[in-house]
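Architecture at a glance
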Amino acid sequence: MAQQGNFKSPARMGGLGDGASVSSSGPVSAGKPREDGLKGVNFERRSFLGKVVGGVGAAVAVSTLYPVVKYIIPPVKEVKEVNEMVVGKASEVPENTGKIYPFNKDKVIVVNDNGTLTACSAVCTHLGCLVRWEDKDNLLYCPCHGAKYKQTGEIISGPQPLPLAVYSARVEGDDLIVSKA
Ligand code: FES
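Scope of this entry: the structure provided in the associated data block. Given the structure is predicted, the values throughout are model-derived calculations rather than measurements.

Our next topic: the environment of glutamate 134. Note on placement: glutamate 134 falls in strand E5 (residues 132-134). For the pair glutamate 134 and valine 111, spaced 23 residues apart in sequence, the C-alpha separation works out to 10.0 Å. The residues touching glutamate 134, leaving out its near neighbours within four places in the chain, are Leu139 and Tyr141.

This is the structure:
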């Protein structure tokens, strides 16, 4: 069978000759100085390109990370403080009922007691539950721990340390308007 490939038979190896002689002594050629080997390399262009690549990389990193960071840390919604605002329609609070509306950072309960409108904070001063209007007892009641307040926010009984903050409510046309007291 004929030999294939790169098999190196002794006969072929002999035909290759001795090859380059290896000297075990004597000076080793120093080759070209380093400066000569780097001739033709434009270092200014290289550093400029490095800066460009770095800048592009930074821009890509920022444009990738920015939406991620914005998603993880959503913006704080600024609630603009107002002295008064239309919170809804007058018809939303019929006689002998109460309804809670957001007002600035607070929640306000508007009570219509036989046609007399009052408004005070709906956030119980005990632990922050929302109060509700109990028409049969004619008072504001907190279902969490039983705090009772007058329609005007003063304390009747319960564990709450403070009265409810007072607001005022009025009707203009169809609009129900709440304002700071
Ligand atoms: S939170 Fe209202 S009584 Fe406790």
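Still to come is the rest of the account.
We now examine the nonpolar core. Residues Ile109, Val111, Cys120, Ala122, Cys124, Val131, Trp133, Leu140, Cys142, Ala147, Tyr149 and Leu164 constitute the largest nonpolar core, which totals 12 residues. If sequence neighbours within four positions are ignored, valine 111 has contacts with Val93, Thr97, Gly98, Thr116, Leu117, Thr118, Trp133, Leu140 and Gln151.

Once that is clear, we can look at the state of the cysteines. Applying the stated rule across the entire model yields one disulfide. The side chain of cysteine 129 participates in a disulfide bridge whose partner is cysteine 144; the two sulfur atoms lie 1.9 Å from each other. As the torsion about the S-S bond is roughly -95°, the cysteine 129-cysteine 144 disulfide counts as left-handed. Linking cysteine 129 in the loop between strand E4 (116-121) and E5 with cysteine 144 in the loop between strand E6 (139-141) and strand E7 (148-149), this pair joins segments that are 15 residues apart in sequence.

What follows concerns the sheet that holds strand E2 (residues 97-103). An order of E1-E10-E9-E4-E3-E2 is seen for the six strands of this open sheet, with the pairing classed as antiparallel. Two strands in the sheet have a free side with no partner beyond their single neighbour: strand E1 (84-89) and E2. Put simply, the sheet's adjacent strands are angled 30° from each other on average, direction ignored. Note that E4 and strand E9 (residues 166-172) share two bridges and pair antiparallel. Across the sheet, residue cysteine 120 finds its bridge partner in E9, namely valine 166.

About the cut-offs
Residues numbered from 1 in each chain as written. Predicted model: local features only at pLDDT ≥ 70, side-chain atom pairs only at ≥ 80, totals over all residues. Heavy atoms only, no water. Helix = DSSP H or I, 4+ residues; strand = E, 2+ residues; numbered from the N terminus. Contact = heavy atoms within 4.5 Å. Core = buried A, V, L, I, M, F, W, Y, C linked by side-chain atoms within 4.5 Å. Buried < 20%, exposed > 50% of the residue type's maximum accessible area, 1.4 Å probe, protein only. Disulfide = S-S within 2.5 Å. Pairing = 2+ DSSP bridges. Axes fitted to C-alpha atoms, helices over the stretch in contact; angles between N-to-C directions.

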